[in-house]
Amino acid sequence: MKKTVMNGNRLTLHIAFGVDENFFRGAGVCIASILEHNPDLDLVFHVFTFGCSEQSRVRLASMSQARGVPMHVHLLDEGAFARYRHNPRGNYSNAIFTRILMPEVLNGITDRVLYVDSDILCRGSLAELAGLDLGECVAAAVADVHTIAQRRIGAMALEGDFYFNSGLLLIDVANWNRARITERAIELIGSDEFVLDYPDQDALNKVAEHRVMKLHPKWNVMFSLLSSLRTCRQKLSISDDAVMLHFGGPLKPWHSWSHSCAQQMFLRYQERSGWGDVPLDAPRTYKQMHQCATYHRNHGKYTSAIIWYGAYLRTKLSFMVRGAMASALLAAGVFSGGLADIASWAGRVLGMA
Ligand SMILES: [Mn+2]
């Protein structure tokens with residue numbers, strides 16, 4: 001019989017995030033949204049990272065103090081995953097691997113932990129998850145978007161028809177550790193048995209198959225802000241029972257050109273986080289500049305759209321010229337170094353670095 005975590009009449013829930021410096025603000029804002037809707041839970045937050053700035057730590061510490069809620073930073077050793085940094089399929093930072101390591105660190109600290117992606121916002125009570133009986137399962141999660149699930153079930157040779165999204169995981173720490181999910185996932189990621197499109201998620205789906213409980217979709221409602229931008233969608237349709245909103249894909253609510261609805265929600269919670277004074281991110285890459293031009297065009301701001309489109313063209317051209325020069329120099333045998341070094345040298349010569 002599993003004991004329910006109680007403190008007097010109040011339920012306790014430990015909630016964990018895994019971030020790099022770029023996602024730390026997202027975690028802080030998600031924490032603010034959870035606090036807003038869960039005044040009757042005793043919450044303990046954990047932020048796992050392979051490295052972050054002192055400034056981010058200070059912001060979290062000041063938020064923890066202001067709200068009177070424990071928020072711990074756990075610095076992890078990247079050693080086990082260092083060699084996956086150059087994963088060619090990688091839109092992902094190594095921060096995605098923190099969730100695999102959490103249950104070992106939390107052993108003895110808590111029986112269960114709710115892992116939450118930093119691109120999620122909360123709009124309801126988590127009490128049901130705090131009290132849910134997980135039985136012999138190592139975790140509980142929501143099924144991924146149908147098209148992704150179908151594709152990955154085949155690719156990973158899963159026996160069943162359940163492929164979960166790893167953006168929200170309710171983890172039973174003891175069951176997870178007893179089933180050696182952490183070691184087995186690391187082993188799978190390191191082997192070349194499968195081509196992993198979503199490295200941590202694919203690996204977890206494989207090694208924890210049949211041991212993960214399926215949760216109602218309201219716990220991880222997925223939105224792609226990039227497709228909303230491309231299809232010029234004006235409103236996000238959010239069902240009334242949705243509790244956790246997950247903004248997957250490359251466009252996030254903290255980007256200045258993201259969907260107004262998601263952005264306003266994000267800013268409202270950011271006000272109440274330790275990040276209240278931080279402006280939204282401006283576009284940095286040429287792909288982001290192109291999205292930003294589309295955003296302005298969709299909003300009828302044609303002058304700004306043209307300016308961003310120009311910035312996109314210049315940045316993309318410079319990127320391509322650098323790549324072409326580097327390849328030419330490499331082919332001519334002028335350099336023996338890596339392509340990236342030559343590209344940066346070419347960029348400096350052209351004054352584009
Ligand atoms: Mn996510």
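Whatever comes next refers back to the structure up there.
These numbers come from a predicted model, not from an experiment. All residue numbers refer to position in the chain's written sequence, counted from 1. Restriction of local features to residues with pLDDT of at least 70 applies here, the model being predicted, together with a cutoff of 80 or more for giving and counting side-chain atom pairs; totals for whole chains, interfaces and linings are based on all residues.

Digging into the overall build of the protein chain
Step number 1: Helix and strand counts for the protein chain stand at 13 helices and 11 strands.
Step number 2: With C-beta atoms placed from the backbone, the exposure class of a residue follows from how many other C-beta atoms lie within 10 Å of its own: 20 or more, buried; 12 or fewer, exposed; in between, partly exposed. In the protein chain, which comprises 353 residues, the share counted as buried stands at 41%. Numbered from the N terminus, helices here are DSSP runs of H or I no shorter than four residues, and strands are runs of E no shorter than two.

Overview of the nonpolar core
Step number 1: Each nonpolar core consists of buried Ala, Val, Leu, Ile, Met, Phe, Trp, Tyr and Cys residues. Their C-beta atoms, within 7 Å, join them into a set. The biggest cluster of nonpolar side chains holds 83 residues, and the ones touching the most others in it are Cys 30, Leu 114, Tyr 115, Ala 139, Ala 141 and Leu 168.
Step number 2: With eight residues, the top contributor of residues to this core is helix 1 (residues 21-37).
Step number 3: Note on contacts: residues are paired as contacts if their backbone-placed C-beta atoms lie within 7 Å. In this view, Ala 139 contacts Leu 169, Leu 170, Ile 171, Asp 172, Trp 176, Ala 208 and Val 212; residues no more than four positions away in its chain are not counted.
Step number 4: Judged by nonpolar contacts, the second largest core, of seven residues, contains Met 289, Cys 292, Tyr 295 and Tyr 312.

Details of the packing of helix 11 (residues 286-298) against helix 12 (residues 302-331)
Step number 1: Lines fitted to C-alpha atoms define the axes here, with helix axes fitted over just the stretch in contact, and angles between the N-to-C directions of these axes take values from 0 to 180 degrees. Two numbers describe how helix 11 lies on helix 12: the axes approach to 8 Å, and their chain directions differ by 165°. On the basis of the axis angle, helix 11 is roughly antiparallel to helix 12. Handedness of the helix 11/helix 12 crossing: left-handed. Two secondary-structure elements touch here, helix 11 through Tyr 286, Met 289, His 290, Cys 292, Ala 293, His 296 and Arg 297 and helix 12 through Tyr 302, Ser 304, Ala 305, Trp 308, Tyr 309, Ala 311, Tyr 312, Thr 315, Lys 316 and Phe 319.
Step number 2: For the contact of helix 11 with helix 12, a count of residues per class yields 11 nonpolar, four polar and two charged. Angles below 35 degrees are treated as roughly parallel, those above 145 as roughly antiparallel, those between 65 and 115 as roughly perpendicular, and all remaining angles as oblique. A crossing counts as left-handed when the near helix is turned anticlockwise from the far one by less than a right angle, and as right-handed when that turn is clockwise. Under the convention adopted here, Pro, Cys and the residues Ala, Val, Leu, Ile, Met, Phe, Trp and Tyr are nonpolar, Asp, Glu, Lys and Arg are charged, and Gly plus all remaining residues are polar.

Regarding the packing of helix 1 against helix 2 (residues 54-67)
Step number 1: It is at 10 Å that the axes of helix 1 and helix 2 come closest, and there the two elements cross at 10°. With respect to helix 2, the element helix 1 is oriented roughly parallel. Of the residues in helix 2, those in contact with Glu 21, Phe 24, Gly 28 and Leu 35 of helix 1 are Ser 56, Arg 59, Leu 60, Met 63 and Arg 67.
Step number 2: Split into classes, the residues belonging to the contact of helix 1 with helix 2 amount to four nonpolar, two polar and three charged.

Overview of helix 11
Step number 1: Expected span, for any helix, means 1.5 Å times one less than how many residues it has. The end-to-end C-alpha separation of helix 11 is 18 Å, in line with the 18 Å expected for 13 residues at 1.5 Å each.
Step number 2: Looking only at helix 11, the buried set comprises Gln 288, Met 289, Gln 291, Cys 292, Ala 293 and Tyr 295.
Step number 3: Buried positions along helix 11 lie against helix 9 (225-230) and helix 12.
Step number 4: Phi turns positive one or two residues past the end of helix 11, at Gly 300, with a value near 75°.

Observations regarding the pairing of strand 2 (residues 10-19)
Step number 1: In terms of residue burial, strand 2 counts as a mostly covered element, since eight of its 10 residues are buried.
Step number 2: With nine bridges connecting them, strand 2 and strand 3 (residues 41-49) associate as parallel partners. The residue bridging His 14 from the neighbouring strand is Val 44, located in strand 3.
Step number 3: Convention used here: a crossover is right-handed provided that the path from the first strand, over the helix, to the second strand proceeds clockwise when the strands point away from the viewer. For the crossover that starts at strand 2, traverses helix 1 and ends in the parallel strand 3, the hand is right-handed.
Step number 4: One bridge is not enough; two strands pair if DSSP finds at least two bridges between them. Sheet topology note: the strand 2/strand 5 (residues 112-116) ladder contains three bridges and is parallel.

Remarks on the sheet that holds strand 11 (residues 244-248)
Step number 1: As summarised here, the arrangement of the three strands in space is 6-11-10, forming an open sheet in which the pairing is mixed. The sheet terminates laterally at strand 6 (120-122) and strand 10 (221-224), the two strands that pair on one side only. Within the sheet, the average angular offset between the axes of one strand and its neighbour, ignoring direction, is 25°.
Step number 2: Here four bridges tie strand 10 to strand 11, and the two strands are oriented parallel to one another. Across the sheet, the residue bridging to Ser 224 is Gly 248, located in strand 11.

Remarks on unusual backbone geometry
Step number 1: A positive phi angle, near 50°, is found at Ala 157, a position not held by glycine.
Step number 2: Position of Ala 157 among the secondary structure elements: in the loop between helix 5 (146-155) and strand 8 (164-172).
Step number 3: A residue is classified by how many C-beta atoms lie within 10 Å of it, and Ala 157, with 10 of them, is exposed.
Step number 4: Although it is not a glycine, His 210 adopts a positive phi angle of roughly 75°.
Step number 5: Summarising the element assignment, His 210 is placed in the loop between helix 8 (199-207) and strand 9 (212-215).

Scope: geometric values only; no functional claims are made or implied.
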